[in-house]
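# Understanding the architecture of this molecule
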Amino acid sequence: MYRLVIVPVISGILAFLFTYFALPAFISTPDIISAVAGQALDLSNLYFANMPPMVAHYIASLNLAIVALTVGFLISVAILLLVTSGGLFVSITRWLISHLQRDRKKEAAPDLPPLDLGPGFRSSQADERILGRGLDSIQRD
């Protein structure tokens, strides 16, 4: 159960820290902000006829801290979905395997052919009938 919370939170925090501190060392901050604003504008134009006020406010007040928070949140949600779907897949697979094994146990074993015993066993007394080689096999010799 802890994997559903701990792994996404840690990955979101790491994505936030990387975006906020490490990424500006490689790419300038205005380029990061303009790339995120361009992606938000493209998605808004693709899915909506008019830009929703929430998207317009997001683009208008965009800075590096908001970009880092957004990236961290999106990474956390994506990892949460992956962990949840992976756990669901594993539990369904385990249930299916246990169900198949339970059905296999219910099948009756086929009958074996009757034993063909030797004439020494058939002609011996009832209390002397011992199969195999044990201590009583000395008495038969």
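The structure displayed is predicted, hence computed values, not measured ones. (Residues numbered from 1 in each chain as written. Predicted model: local features only at pLDDT ≥ 70, side-chain atom pairs only at ≥ 80, totals over all residues. Heavy atoms only, no water.)

### Points about the layout of surface pockets
Keep this limit in mind: Computed over the protein atoms alone on a 1 Å grid, cavities are sets of points where a 1.4 Å probe fits but cannot get out and pockets are open sets with protein on both sides within 12 Å along at least five of seven lines; a residue lines them when it has an atom within 4 Å of a point. Grid points are joined across faces, edges and corners, and a volume is the space filled by probe spheres set on the points. By definition, any uninterrupted DSSP run of H or I lasting at least four residues is a helix, any uninterrupted run of E lasting at least two residues is a strand, and each is numbered from the N terminus. For this classification, the nonpolar set comprises Ala, Val, Leu, Ile, Met, Phe, Trp, Tyr, Cys and Pro, the charged set comprises Asp, Glu, Lys and Arg, and every other residue, Gly included, is treated as polar.
Here the largest pocket is characterised by a volume of approximately 340 Å³. Lining the largest pocket are 14 residues; nearest its centre among them are Ala40, Leu43, Tyr58, Thr70 and Leu74. Secondary-structure elements contributing two or more residues to the lining of the largest pocket are α2 (29-47), α3 (53-60) and α4 (64-106). No other element matches α2, which puts 6 residues into the lining of the largest pocket. The residue inventory of the lining of the largest pocket, partitioned by class, reads 11 nonpolar, 3 polar and no charged.

### A word on the nonpolar core
Side chains that are nonpolar tend, in soluble globular proteins, to be buried together. Put simply, the test is: Side-chain atoms within 4.5 Å link the members of a nonpolar core, which is a set of buried Ala, Val, Leu, Ile, Met, Phe, Trp, Tyr and Cys residues. Only protein chains enter the calculation, and the probe is 1.4 Å; a residue is then buried if its accessible area is under 20% of its type maximum, exposed if over 50%, and partly exposed in between. Only heavy atoms matter for contacts: two residues are in contact if any of them lie within 4.5 Å across the pair.
Counting 7 residues, the largest nonpolar core is built from Leu23, Ile32, Ile33, Ala37, Leu62, Leu64 and Val67. Taken together, the elements giving at least two residues each to this core come down to α2 and α4. Broken down by element, this core gets its largest block of residues, 3 residues, from α2. In contact with valine 67, not counting residues within four places along its chain, are Thr19, Ile32, Ile33, Val36 and Leu62.

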